[in-house]
Protein chains: 2
Amino acid sequence: MVSSRRETTTGGPTGRRLTAENRERQIVEGAIAYFAEVGLDGHTRELARRLGIAQPLLFRYFPTKAALIERIYQEVYLRRWDAGWEAVVRDGALPCLERFRRFEIDYQRRIDDYAWLRIFVSAGLKGFDLPSRYLGMVRERIFAPLLEGMRAESNLPSPREQPLAPDEFELLFGIHGALVYVGLRSRVYGIDGTPDRDAVRAAMLDAALPGLLATHRRVVIAGGPKG
Amino acid sequence: MVSSRRETTTGGPTGRRLTAENRERQIVEGAIAYFAEVGLDGHTRELARRLGIAQPLLFRYFPTKAALIERIYQEVYLRRWDAGWEAVVRDGALPCLERFRRFEIDYQRRIDDYAWLRIFVSAGLKGFDLPSRYLGMVRERIFAPLLEGMRAESNLPSPREQPLAPDEFELLFGIHGALVYVGLRSRVYGIDGTPDRDAVRAAMLDAALPGLLATHRRVVIAGGPKG
DNA sequence: GCCCTTGTTGATCGTTCGCTCAATAGAAGG
DNA sequence: CCTTCTATTGAGCGAACGATCAACAAGGGC
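Worth saying up front: this structure is predicted, and the values here are computed from it rather than measured.

Draft legend 1. Molecular detail of the interface of chain A and chain B. Taken together, the 31 residues of chain A in the interface contact 31 residues of chain B. Of the roughly 2,900 Å² buried where chain A meets chain B, counting both sides, 64% is carbon and sulfur surface. For the chain A face of the interface with chain B, the top three residues by lost area are A:L125, A:Y181 and A:Y189, together amounting to 26%. Counting across the chain A and chain B interface gives 2 salt bridges. At the junction of chain A with chain B, the criterion picks out 4 residue pairs in polar contact (both at pLDDT 80 or more). Counting only elements with at least two residues in the side of chain A that touches chain B, the list comes to α7 (114–125), α8 (130–153), α9 (166–187) and α10 (197–208) of chain A. For the side of chain A that touches chain B, the element with the most residues is α9(A), which contributes 11 residues. Of the residues in the side of chain A that touches chain B, the class split is 17 nonpolar, 9 polar and 5 charged.

Draft legend 2. The relation of the copies chain A and chain B, seen in detail. Between the two copies, chain A and chain B, the superposition gives an RMSD of 0.1 Å; the rotation angle is 180 degrees and the shift along the axis is 0.0 Å. What we have between these two chains is a two-fold relation. Proximity to the rotation axis, assessed at the C-alpha, singles out A:A178 in chain A; its C-alpha lies 2.1 Å from the axis.

Draft legend 3. Here's a closer look at helix α8 (residues 130–153) of chain B. All names here are of chain B. The terminal C-alpha atoms of α8 lie 33 Å apart, and with 24 residues this matches the ideal 34 Å at 1.5 Å per residue to within 8%. Along α8, the largest kink reaches about 35 degrees and is centred on F143; proline P145 follows within four residues of it. At the exit of α8 stands N155, carrying a positive phi of roughly 55 degrees.

Draft legend 4. Quick peek at the protein's contact with DNA strand C. Near DNA strand C lie 23 residues; those nearest to it are A:R17, A:Q55, A:K65, B:R23 and B:R60. Atoms of DNA strand C within 4 Å of the protein: sugar and phosphate make up 55%, bases the balance. One nitrogen or oxygen atom from the side chain of A:Q55 is found 2.2 Å from a base nitrogen belonging to DNA strand C. At the level of elements, α2 (44–51) and α3 (55–61) of chain A together with α3 (55–61) of chain B are the ones that each hand at least two residues to the surface near DNA strand C. A per-element tally of the surface near DNA strand C places α3(B) first, with 4 residues. Split into classes, the residues belonging to the surface near DNA strand C amount to 8 nonpolar, 5 polar and 10 charged.

Parameters and conventions
Residues numbered from 1 in each chain as written. Chains lettered and ligands numbered in written order. Predicted model: local features only at pLDDT ≥ 70, side-chain atom pairs only at ≥ 80, totals over all residues. Heavy atoms only, no water. Contact = heavy atoms within 4.5 Å. Buried area = accessible area lost by both parts, 1.4 Å probe. Salt bridge = Lys/Arg side-chain N within 4 Å of Asp/Glu carboxyl O. Polar contact = N/O pair within 3.5 Å; in protein donor to acceptor, adjacent residues only side chain to side chain. Helix = DSSP H or I, 4+ residues; strand = E, 2+ residues; numbered from the N terminus. Nonpolar A, V, L, I, M, F, W, Y, C, P; charged D, E, K, R; others polar. Least-squares fit on C-alpha atoms with pLDDT ≥ 70 in both. Expected span 1.5 Å × (residues − 1). Bend = angle between axes of the 7 residues up to and from the residue. Near = heavy atom within 4 Å.

Structure (structure tokens):
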């Protein structure tokens, strides 16, 4: 990899005197892998050891450990948000169920990732607002447009006439949660289950989507005027 | 702060010189609440402060912090396992879907608990085998008998003739995960969502159960001989 | 009243944490 | 070859960690 001088104990030569840009990227990627593995209470000394660098070097690039973690949030969650998701759930050329299916298949493939899932729940446990803010985005930017489309497809009142009810969101979050749980069992609970989680989630969608519109209709009508 | 007879800063008088039994129980319950809140990396000094006792007293009742955490596992998970669950899923007087519904409603009510859910995922993040072992119990003691009953109800080969397939378990874990996710969003991600999570889960079951047997039949037949 | 048992504490040990700073060393320009 | 710039490091700070131990104090039996 690099070079006449310096190699880490793990065998990977670090190469010293990187450009600031490269070193920063190396630190961020190493921090993502490390904190995903041991949790956000991981230690800066151990992170530095894994990177093959001295611990004070971390503080040259990030003023505090908290700042490094904040950077991880941006890198793993905000940067990986796909604007295409917001487009597909509004794609009038597709039936709503197909929009939902396409979103979930793509979304789950993106977040069924060791670092994504583990740092997400780790942040939730530490009381950071990242998970609630992120799921708020899913709710408002993905599920709300989907529910609006489902209302229209079922000839039900628009959200303007009858605001979206919590129970309608729960319908989508229920299916969503079943799909997320597949990844959680593997990445967080450490269960080496079915090899092809993509296929498992596709099957779950096949089982859950056909009845969704009818259930949604019932929920909306039950929550309608004088309901 | 500490007058003649000692009181904690939180207002609750600690009362010193408890019997060993009472002190131990107080420590265990306090530790459950504390580690659930801050994670298993919480500090013994802070735990002692919240209990209104000196930190070394913890080590009189538990030799190490790890031993205290091990005790928490027994208290929160193994002791709260309900033998009735294993009975109801084998109750031949009920249709399988009703057995499943009753199990899930009771089970979810038990585990939708701040300490239960947070310590569970915290243990998973720390790489402890508690979550995988616990879900292994659910799989073998709950879902396996349920699937066997569903096979019988649908006049399909028994697990003896055709072993239970991973895809069949995923069918149940899918619905299960959707229900667990309701609690996770509230207890771990900090989303104060629908007030009545019991009702939300009941609605999810109403939506998911009716199609379950038919889907299960398809899965078993697809995975059958020369499948 | 006194003693004995034992629940409880203050002081403290060795280690490790996040973080700082002066000194070092590798690359680029003359 | 020498200077300049800066990425990088070794040494170390104050604080907090898990854990230890001798000393203290609250009851119960005599």
